[in-house]
Structure formats: C-alpha cells, structure tokens
Amino acid sequence: MSYVGPDSDPPRPRRSPRRRTLIVVLAALVPGALLGWLAFGTPGGSDDGGPGRVTGAASGSGGPASASGDPDGKPGASASQSPTASAPGGAGSLAGKVVVIDPGHNPANFEHTAEINRKVDIGTNKKECDTTGTATNSGYSEAAFTLDVAHRLRTLLERQGATVKLTQDADRPFGPCVDERARIGNSARADAVVSVHADGAATGQRGFHVILPGPVHAGGADTRPIVGPSRELGELIAHDFAESTGTSPSNYVGDGTGLVTREDLGGLNLSTVPKVFIECGNMRDSKDAALLTSGAWRQKAAQGISEGIVSFLRG
C-alpha cells in the first residue's frame, strides 16, 4: 500500500447543515441504546441469585496447606493448585457435613509412658490407652507425619464447606486414649471419621492399606450399624489414595486389595459413626519412608483421602 503525504490529500467536500444535524442526533442515540442493551443482556445482573449469578467465587483458592513436620523444610504444594481442590458443585457443597480427622498417636506420648500404657475398655477386651507410634530410620515420627497430613486434609475439606474437627492437635500432653478418640467422633455426630496412620512393618513390605471395622457386638461395642457405610468410605478412600499418590496397595496385608478388616481396634469398635483407619505406607521401609518424609507427597496423600471422603459424603 502506497503512502500519500498531507500535501497530496484531495480537498474534502463540505457537509450540509441537514447532514450535520443527523450526525448529532445519532451520536446522542447510539450510546444510550448500547447501554440499555448491555443492562438487559448481562446474565445475573440482579441480586436474585438466579442462573448466571456468581457467588462465593473465591472460596476455592485459599493459601498453601500446612507443611508442619516436613523434615526437608519445604512447604507442601498448595491444595488450590490441584484441579480437584474446589468443589465441582460450587462453594459450600459440603455445608452441614461434619468430618473428624484422628491423627494417630501424639508427638508427646513418649514423655507419658505410664499414662498411655493404662488399659481402657474397647468392648471386646482391654488395650493400652495409646502408643508412641513408629518412626522412620532417620527419626521422623509417625505422630509428626499423621498431624501434618491431618492439617493438610483439614484445609482441603474446609474449602469444600465441611466442618472439620481433629481429635488432637498436639494441644494436650498425651493421647487421647483410643476410647476417647471414638467418643469424639460419636459426640460430633460425624458423617465420616478417618484415623491417619503410617505402619511399622518389616523392610520390603510396602504400600498403603485401609482398615475397616468388623462386625463387633460385645460389651460397649456394636459396630453392626456402621460396617456397611464404613466399607463404602474405605473403598472410596483406597481408590482415590492410589490415584492421587501413585502408590500401590499393601504387598503384605489385604491380598492386594488395600482393604483389611479388624475387630481389635478400640477406635473402630467403639465408633457409632462411619469410620476407617488408613496406614499410608511403611515407615520402616526406605522406599516408603522417602515418600512419607516428602511434603509434596504428603499433600498428594491428603488430597487422595479428601477425595474419598468427599465422594462418600456426596453419596
């Protein structure tokens, strides 16, 4: 395209008065009509909360999850980075639902051996109030691991609108005892309870497993009403945990299913609400320990448990 300078521009014809009047009228009418169309055509323009109205848009984007107890000092990935961290049904989709997270053991249990060795009634018999839990060969304790995963899990579930309670948050000198842990979930009338653990098996024994309550009816224990829903909860968590973490079900219990039924755990025997335990891996195996001590992997573990719980609560 050639360029013609200003000296070469042809003279412009003069506009008639009638044409100038028409231009002025149109200039006044067109913006008003355009504004009216915008006001009419914008979806959700009123405060009636109807279709197209956006509410609670920021609820799925909180800050990073807790990384407490991470031995390498690296904060875990923010739950908001996960494509499944926000509720597909919108903010508050789990409003009214109560979840109790039970971080296994207590970081200070080892300082209170007399108290945690006291026997409590679990329905079928009596067992120790609690134990110290296990640890990796490098000294990273199960109690630190379970509390860190519980914090991450709480963050994810609260973003979904659920009410979340912990049985302990390193805010007491020891315990609680296994019978009290069950009562906390019962008193909260929890829709789901998950007890977070890591195993202390032999080297070479790897993988996760979810422990389900067996049918117990003895003393103060009656798990019969919760056996069915607890199995459903456990199956969903096992599936989503494997998907999220990329780890396999246990190679030493559960026959490759990742599911184990037990009738000797007070936390399950005394529960009156759906409850499961999850052993996230074996702290005594070096390969599993490398995962359990990774903040990024613990975030994936929390995500998998959270997705299983959410699926269960949505029915």
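Everything here concerns the structure above.
To keep things clear, this report deals only with the structure shown in the data block. (Residues numbered from 1 in each chain as written. Predicted model: local features only at pLDDT ≥ 70, side-chain atom pairs only at ≥ 80, totals over all residues. Heavy atoms only, no water.)

## Description of the state of the cysteines
Phase 1: Per the counting criterion, the structure on display carries one disulfide.
Phase 2: A sulfur-sulfur separation of 2.0 Å characterises the disulfide bridge that pairs Cys129 with Cys177. Across the S-S bond of Cys129 and Cys177 the torsion is about -90°, and the bridge reads as left-handed. Of this pair, Cys129 sits in the loop between strand S3 (126-128) and helix H3 (142-159) while Cys177 sits in the loop between strand S4 (163-166) and helix H4 (178-187), and the two are 48 residues apart along the sequence.
Phase 3: On the basis of relative accessible area, Cys177 is assigned to the buried category, the value being 6%. (Disulfide = S-S within 2.5 Å. Helix = DSSP H or I, 4+ residues; strand = E, 2+ residues; numbered from the N terminus. Buried < 20%, exposed > 50% of the residue type's maximum accessible area, 1.4 Å probe, protein only.)

## Looking at the environment of Arg284
Phase 1: Its location among the elements puts Arg284 in the loop between strand S10 (275-282) and helix H7 (286-292).
Phase 2: Considered as a pair, Arg284 and Arg206 are 78 residues apart in the sequence and their alpha carbons are 9.1 Å apart.
Phase 3: Sequence-distant contacts of Arg284, defined by excluding residues within four places in its chain, comprise Thr134, Ala135, Thr136, Asn137, Asp199, Gly200, Ala201 and Thr203.
Phase 4: Within the structure, Arg284 has its side chain in polar contact with the backbone oxygen of Ala135 (distance 2.8 Å). (Contact = heavy atoms within 4.5 Å. Polar contact = N/O pair within 3.5 Å; in protein donor to acceptor, adjacent residues only side chain to side chain.)

## Here we look at the pattern of salt bridges
Phase 1: The full count for this structure, using the stated rule, is twelve salt bridges.
Phase 2: The shortest N-O distance in the salt bridge between Arg231 and Glu235 comes to 3.4 Å. With Arg231 and Glu235 both in helix H5 (residues 227-245) and four residues apart, this pair spans about one turn of that helix.
Phase 3: A single network of salt bridges, built from pairs that share partners, joins Asp102, Asp130 and Arg181. (Salt bridge = Lys/Arg side-chain N within 4 Å of Asp/Glu carboxyl O.)

## A few points about the packing of H3 against helix H8 (residues 295-314)
Phase 1: At a closest axis distance of 9 Å, the pairing of H3 and H8 adopts a crossing angle of 50°. On the basis of the axis angle, H3 is oblique to H8. Seen along the crossing, H3 lies across H8 with a hand that is right-handed. Contacts between H3 and H8 involve Phe145, Asp148, Val149, Arg152, Leu153, Leu156 and Leu157 from the former and Gly295, Trp297, Arg298, Gln299, Ala302, Gln303, Ile305, Ser306, Ile309 and Val310 from the latter.
Phase 2: When its residues are assigned to classes, the contact of H3 with H8 shows ten nonpolar, four polar and three charged. (Axes fitted to C-alpha atoms, helices over the stretch in contact; angles between N-to-C directions. Parallel < 35°, antiparallel > 145°, perpendicular 65-115°, else oblique. Left-handed = near helix turned anticlockwise from the far one by under 90°. Nonpolar A, V, L, I, M, F, W, Y, C, P; charged D, E, K, R; others polar.)

## What to know about the environment of Pro249
Phase 1: Take Pro249: it is sitting in the loop between H5 and strand S9 (259-262).
Phase 2: Sequence-wise, Pro249 and Phe208 are 41 residues apart; in three dimensions their C-alpha atoms are separated by 5.0 Å.
Phase 3: In contact with Pro249, not counting residues within four places along its chain, are Arg206, Gly207, Phe208, Gly256, Thr257 and Gly258.

## A word on the pairing of strand S5 (residues 192-199)
Phase 1: Most of S5 sits out of view: eight of its eight residues are buried.
Phase 2: Residues Ala192, Val194, Val196 and Ala198 point to one face of S5 and Val193, Ser195, His197 and Asp199 to the other, with burial holding for every one of them.
Phase 3: Note that strand S1 (residues 98-103) and S5 share five bridges and pair parallel. Its bridge partner being in S5, Pro103 is matched across the sheet by Val196.
Phase 4: As defined by bridge partners, S5 adjoins S10 across six bridges and the pair is classed as parallel. Directly across from Asp199, in S10, lies its bridge partner Asn282. (Pairing = 2+ DSSP bridges.)

## Considerations on the environment of Ser248
Phase 1: Following the sequence through the fold, Ser248 ends up in the loop between H5 and S9.
Phase 2: What makes Ser248 partly exposed here is its relative accessible area of 49%.

## Digging into the pairing of S4
Phase 1: Alternating positions in S4 separate cleanly, Val164 and Leu166 being buried on one face and Thr163 and Lys165 remaining unburied on the opposite face.
Phase 2: Looking at chain direction, S1 and S4 are connected through four bridges and run parallel. From the neighbouring strand, Val100 faces S4, where its bridge partner is Lys165.

## Digging into the side chain of Ser271
Phase 1: Here Ser271 shows up in the loop between helix H6 (266-269) and S10.
Phase 2: You can call Ser271 buried: its relative accessible area is 2%.
Phase 3: A polar side-chain atom of Ser271 sits 2.7 Å from the main-chain carbonyl oxygen of Val273.
Phase 4: Residues within four places of Ser271 in sequence aside, it is in contact with Ala182, Asn186, Asp222 and Ile226.

## Let's talk about the packing of aromatic side chains
Phase 1: Applying the stated criterion across every chain, the model contains two aromatic pairs.
Phase 2: Joined through ring pairs, the aromatic side chains of Phe208, Phe241 and Trp297 make up one cluster. (Phe/Tyr/Trp six-rings, centres within 6.5 Å; stacked < 30°, edge-to-face > 60°.)

## Here's the deal with the nonpolar core
Phase 1: Formed by 38 residues in total, the largest nonpolar core has its most connected members in Ile101, Phe145, Leu157, Ile237, Cys280, Ile305 and Ile309.
Phase 2: No other element matches H8, which puts eight residues into this core.
Phase 3: Not counting the four nearest positions on each side in its chain, Ile305 is found in contact with Val149, Leu153, Val194, Ile237, Phe241, Ile278 and Cys280.
Phase 4: Of all hydrophobic cores here, the second largest spans six residues; its members include Val98, Ala188, Val193 and Val273. (Core = buried A, V, L, I, M, F, W, Y, C linked by side-chain atoms within 4.5 Å.)

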